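# Overview (structure and organization)
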Amino acid sequence: MAVTIEELYRNYGILADAKENLSQHKDAYQAILDGVRGGPKEKRLAAQFIPKFFSSFPELADAAINAQLDLCEDEDVSIRRQAIKELPRFATGENIFRVADILTQLLQTDDNAEFNQVNVALISIFKMDAKGTLGGLFSQILQGDDIVRERAIKFLATKLKTLPEDVMTKEVEEYVFTETKKVLEDVTGEEFVLLMRVVSALRVLQSVNGRQQLVELVVEQADLEQALNPADPDAVDRLLQCTRQALPLFSKNVHSTRFVTYFCEHVLPNLSTLTCPVAELDIQLEVLKLLAEMSPFCGDMEKLEANLSTLFTKLVEFMPLPPDEVENGENSASEEPKLQFSYVECLLFSFHQLGKKLPDFLVDKVDAERLKDFKIRLQYFARGLQVYIRQLRMALQGKTGDALKTEENKIKVVALKITNNINVLIKDLFHNPPSYKSTVTLSWKPVQKPEAAAPKRPSGEEMGSGASTKKQITPLPRRDARQIYNPPSGKYSASIGNFTYEQRGGYRGGRGRGFWARGSRSRGRIY
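My aim in this report is to walk through the structure given alongside it, one point at a time. Keep in mind it's a predicted model, so treat the numbers as computed, not measured.

This next bit is on the overall build of the chain. A tally of helices and strands in the chain yields 21 helices and two strands. The 527 residues of the chain split such that 51% are buried. Looking at the chain alone, contacts between residues at least 24 apart form 73% of all its contacts between residues at least 6 apart. As displayed, the chain offers around 25,400 Å² of accessible surface, 48% of which is attributable to carbon and sulfur atoms.

Rendered as structure tokens:
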């Protein structure tokens, strides 16, 4: 016979009045547990009464937790919410893992209020025992259903960083890192990004050694020991995503050598045949931007001369000969070659950075005929560059404030940055011998203020740049829509075609399960 409301209140009164003699009233507590088989009102009362006296009846602990779990799975959402709200009161001693495991499974709910209640409950038990709570979360990430795994990973990515240091102790952070490495043995692209966000935020990994450990994680995911299949969009996407995750970790002490080497040996030779994993993405420009961003942090490279030669060859491809130098007269005087400024900025910058390591490359390692050809291309490109820079400066002259914030003018400002960068780098290469001393900031990167330096007035070349000089603290910056600029007509610009600027930030999300082909899961995932 089902327990009534009156019986629940009577038994509650018995237990409340018993004080130190609570354990003698096991029957009263059992009657409250039986309330989960009653109607909606009885269930709501049971959800509140069961946890209140839970600690006084250790012999009924399993039965009490199971009874509360039944309420967490009730058809009535209001009963579920009440039961979930009270779950943290069961999180004592050895039960913390079980409660965390249960709450993690409950993340799969589609009810927003219930989902928020589960999040609140998980945060609550985190503050009681962070390591035990993490044990329950990681258990479900490794063994749970897809939806539970996905939401548990998102919970870690969004909530861990909000917890105070007295909760996220060094021991707890080390545990997070250890367990995350286990999960990373078999992940999708989106999961990888989220988990990297988790571990990258750990204070214990903010040292040089810590960042190096993170780079090692990314290297393993990128599978740099294998040659790249340019026709496989998943392989290309994996490389792009891993490189983007590694970029913020590189510094003068944490080198990008393995990635730069891989790009020179496997990506640049296949640049024109890369299969784009995302619609409307300029895959070649994206790859060249990543290489340019990594190149300043490249350490000692085993095959430096060979890799510089590959980079040099690719640079020459994007720097056309003037029309009258083209063999067989295939180009008439009216057909000006297209000057691809964005590509050339990336390639010149990368070549300039690696060239510092072998400054005699253009003097001793390139034959005279090839060097002469290169200088002809440089001269032709430089002439077109000067025309374009003048046109951009005229278009931006006198514009300030809101006038520079229009989409067209913002793109012109970036175009001016690109052309100024190329101009500076070309001047360096025209020195005899070539110089590698100039410093430029890549056009899509924010300008960094030198520390402890007096404010510098913008130069004419930076006119109207509109770029913020504040350091942008954005671990996973957003990718904005690509913008197209039609340059004004003129001898050179008319043949340039559309100028494409992609304001790249960092991360495009993964493509869902089955993305990284890293083996099959025991619970049925196919990768």
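Counting residues in hydrophobic clusters, the biggest one holds 159 residues, and the most contacted among them are Tyr29, Ile50, Leu103, Phe351 and Leu362. Looking at this core element by element, the count peaks at eleven residues for helix H19 (residues 368–396). Not counting residues within four places of it along the chain, the set of residues in contact with Phe351 comprises Leu308, Leu311, Phe312, Leu315, Phe361, Leu362, Leu429 and Tyr436.

It is worth spelling out helix H6 (residues 95–106) at this point. Helix length check: H6, at twelve residues, gives a terminal C-alpha distance of 17 Å against a target of 16 Å (1.5 Å per residue), a fit within 8%. Contacts from the buried residues of H6 go to helix H4 (61–72), helix H5 (77–86), helix H7 (112–126), helix H8 (130–143) and helix H9 (146–159).

Using the criterion set out here, one finds 15 aromatic pairs in the structure. Ring centres of Phe341 and Phe381 lie 5.5 Å apart, and the angle between their planes is 85 degrees; this geometry places the pair in the edge-to-face category. Of this pair, Phe341 sits in helix H17 (residues 341–355) while Phe381 is found in helix H19, placing the two residues 40 residues apart along the sequence. Both residues of the pair, Phe341 and Phe381, count as buried. Centroid distance Phe351 to Phe361: 5.9 Å. Interplanar angle 70 degrees. Geometry classified as edge-to-face. With Phe351 in helix H17 and Phe361 in helix H18 (residues 361–365), this residue pair connects regions lying ten residues apart in the sequence.

Given a rise of 1.5 Å per residue, 15 residues ought to cover 21 Å, and the 21 Å separating the end C-alpha atoms of H7 matches this to within 8%. For H7, the set of buried residues is Glu114, Val118, Asn119, Ala121, Leu122, Ile123, Ile125 and Phe126. Among the structural elements, H4, H5, H6, H8 and H9 are those in contact with the buried residues of H7. A side-chain oxygen of the first residue of H7 lies 3.2 Å from the backbone nitrogen of Ala113; this N-cap is Asp111.

Remark: helix H3 (residues 40–52) packs on H5, axes separated minimally by 9 Å, with the N-to-C direction vectors making an angle of 5 degrees. Considering their axes alone, H3 and H5 lie roughly parallel with respect to each other. Only Ser78, Ile79, Gln82, Ala83 and Glu86 of H5 make contact with H3, whose side of the interface consists of Pro40, Lys43, Arg44, Ala47, Gln48 and Pro51. Residue composition of the contact of H3 with H5, by class: five nonpolar, three polar and three charged.

Examined against the element boundaries, Leu122 turns out to sit in helix H7. Between the C-alpha atom of Leu122 and that of Val99, which follows or precedes it by 23 residues, the distance is 8.9 Å. Once residues within four sequence positions are removed from consideration, Leu122 is found in contact with Ala100, Leu103, Thr104, Leu107, Thr133, Leu137 and Phe155.

Turning next to the packing of helix H16 (residues 304–317) against H19. Packing of H16 against H19 leaves a shortest axis separation of 11 Å and a crossing angle of 45 degrees. Considering their axes alone, H16 and H19 lie oblique with respect to each other. When you trace H16 past H19, the crossing you get is left-handed. Between H16 and H19, the residues in contact are Ser309, Phe312, Thr313, Leu315 and Val316 and Arg370, Asp373, Phe374 and Arg377, respectively.

This next bit is on the side chain of Gln140. Assignment of secondary structure puts Gln140 in helix H8. In this structure, Gln140 is in contact with Asp101, Thr104, Gln105, Val148 and Arg149, ignoring residues within four places of it in sequence.

Here we take up unusual backbone geometry. The omega torsion of the bond from Asn432 to Pro433 falls at 0 degrees, within 30 degrees of zero and hence cis. Examined against the element boundaries, Pro433 turns out to sit in the loop between helix H20 (407–430) and strand S1 (483–485). If you check the backbone angles, Asp223 has positive phi at about 55 degrees while not being a glycine. Along the polypeptide, Asp223 turns up in the loop between helix H12 (208–222) and helix H13 (233–246). The class for Asp223 is partly exposed, based on a relative accessible area of 27%. Unusually for a residue other than glycine, Glu280 sits at a positive phi of about 70 degrees.

Attention shifts here to the pattern of salt bridges. Within the structure shown, the criterion is met by 23 salt bridges. With its nearest N and O atoms 3.0 Å apart, the salt bridge here joins Asp34 to Arg37. Its relative accessible area of 21% is what places Asp34 among the partly exposed residues. Here Arg37 falls in the exposed class, since its relative accessible area comes to 60%. For Glu86, the salt bridge is made with Arg89, and the minimal N-O distance between the two is 3.2 Å.

Along the polypeptide, Ser435 turns up in the loop between H20 and S1. Measuring from C-alpha to C-alpha, the distance between Ser435 and Leu425 comes to 9.0 Å, with ten residues separating the pair along the chain. Look past the residues within four positions of Ser435 in its chain and what remains in contact with it is His352, Asp428 and Leu429.

Rules of the game
- Residues numbered from 1 in each chain as written.
- Predicted model: local features only at pLDDT ≥ 70, side-chain atom pairs only at ≥ 80, totals over all residues.
- Heavy atoms only, no water.
- Helix = DSSP H or I, 4+ residues; strand = E, 2+ residues; numbered from the N terminus.
- Buried < 20%, exposed > 50% of the residue type's maximum accessible area, 1.4 Å probe, protein only.
- Contact = heavy atoms within 4.5 Å.
- Areas by Shrake-Rupley, 256 points an atom, 1.4 Å probe, with all protein chains shown as cover.
- Core = buried A, V, L, I, M, F, W, Y, C linked by side-chain atoms within 4.5 Å.
- Expected span 1.5 Å × (residues − 1).
- Phe/Tyr/Trp six-rings, centres within 6.5 Å; stacked < 30°, edge-to-face > 60°.
- Polar contact = N/O pair within 3.5 Å; in protein donor to acceptor, adjacent residues only side chain to side chain.
- Axes fitted to C-alpha atoms, helices over the stretch in contact; angles between N-to-C directions.
- Parallel < 35°, antiparallel > 145°, perpendicular 65-115°, else oblique.
- Nonpolar A, V, L, I, M, F, W, Y, C, P; charged D, E, K, R; others polar.
- Left-handed = near helix turned anticlockwise from the far one by under 90°.
- Salt bridge = Lys/Arg side-chain N within 4 Å of Asp/Glu carboxyl O.

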